[in-house]
Amino acid sequence: MSEIILMSDARVAAVPVEENGEPLVDVSAHLRVDDRKYEDSRGAEVHLRQGVLDRLLRAQVLLPDGLRLLFVEGYRPPTLQRHYFETYADGLRAAHPDWSADRIRSAASRYVSPPEIAPHSAGAAVDLTLTDADGRELDLGTAMNANPEESDGACYTGAGNITEAAKANRAVLGEALSAAGLVNYPTEWWHWSYGDRYWALETGAPAALYGAKDLDAA
């Protein structure tokens, strides 16, 4: 297995941002949208940078007949990102009181990006899955947002402890999104991004296109 670079890695934070100013746009008129994150985000979650939406629409065309992307979460306000990260880190700290601060930060970043570099807060990342033509979610091995502890690592994109059908569905999703120019965060099969620091590091781009953004100023 190739090296998994975590969001907490100094190489990610070192990538410069050359903000291109693209707006955050509402995706709900263009993609099938799920509302499971509405209670936390109050509508912010259905926004993405225009360039990311364009690539998702390209990926949807590449899917086999009868399959659709199901969009769950895009933009995440920085305050909510910090809340998610600190809550998860607090749980790890309670479970592992002997772990150093660096180890807690690294372990937390498998599941929630550190707030200062979070792709979701730049409108650059999307959490999504697949449905059939009737809107039924396909089996991709775990529930979306299952953490490494509760899923025994099956949330990792390349996990071996899932069914062959789930592996095949992950491959279908990954092939379409990769072909459209997005990159996956390999600890979360559902998380894909374009234009953020992680994307830049993975693709060799000289800089990220998007930095943290305030939805109200979009």
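This text follows the structure it describes.
This structure is a prediction, so every number in the text was calculated from the model and none was measured.

Caption draft 1: Layout of the pairing of strand β4 (residues 68-73). Burial analysis of β4 places five of its six residues in the buried class, the great majority of the element. The pairing of β4 with strand β5 (residues 125-131) spans five bridges and is classified as antiparallel. Each residue of the ladder has a partner; that of F71, found in β5, is L128.

Caption draft 2: A look at the packing of aromatic side chains. Inspection of the entire model under this criterion finds four aromatic pairs. Here the aromatic rings of Y194 and Y210 are separated by 6.2 Å at their centres, their planes lie at 65°, and the arrangement is edge-to-face. Here Y194, found in the loop between β7 (191-193) and α8 (197-203), pairs with Y210, found in the segment after α8; they are 16 residues apart in sequence, far enough to count as distant. What makes Y194 buried here is its relative accessible area of 11%. By relative accessible area, which is 2% here, Y210 ends up buried. Through a chain of ring-to-ring contacts, the aromatic side chains of Y194, W199 and Y210 assemble into a single cluster. The ring of Y194 is capped by R55, whose NZ or CZ atom sits 3.8 Å from the centre of that ring.

Caption draft 3: Broad picture of the nonpolar core. In terms of nonpolar packing, the biggest core is built from 41 residues, with L56, L69, V126, L173, L177 and L182 touching the most fellow members. Elements supplying a minimum of two residues to this core: α3 (50-62), β4, β5, α7 (164-179) and α8. Sort the elements by how many residues they give to this core and α3 lands first, with four residues. Among residues more than four places away in sequence, those in contact with L69 are L31, R32, L56, A59, Q60, L63, L128, T129, L130 and L173. If you look at the next biggest cluster of nonpolar residues, it comprises 11 residues, including L80, A89, L92 and A107.

Calculation notes
- Residues numbered from 1 in each chain as written.
- Predicted model: local features only at pLDDT ≥ 70, side-chain atom pairs only at ≥ 80, totals over all residues.
- Heavy atoms only, no water.
- Buried < 20%, exposed > 50% of the residue type's maximum accessible area, 1.4 Å probe, protein only.
- Helix = DSSP H or I, 4+ residues; strand = E, 2+ residues; numbered from the N terminus.
- Pairing = 2+ DSSP bridges.
- Phe/Tyr/Trp six-rings, centres within 6.5 Å; stacked < 30°, edge-to-face > 60°.
- Lys NZ or Arg CZ within 6 Å of the ring centre and 35° of its normal.
- Core = buried A, V, L, I, M, F, W, Y, C linked by side-chain atoms within 4.5 Å.
- Contact = heavy atoms within 4.5 Å.

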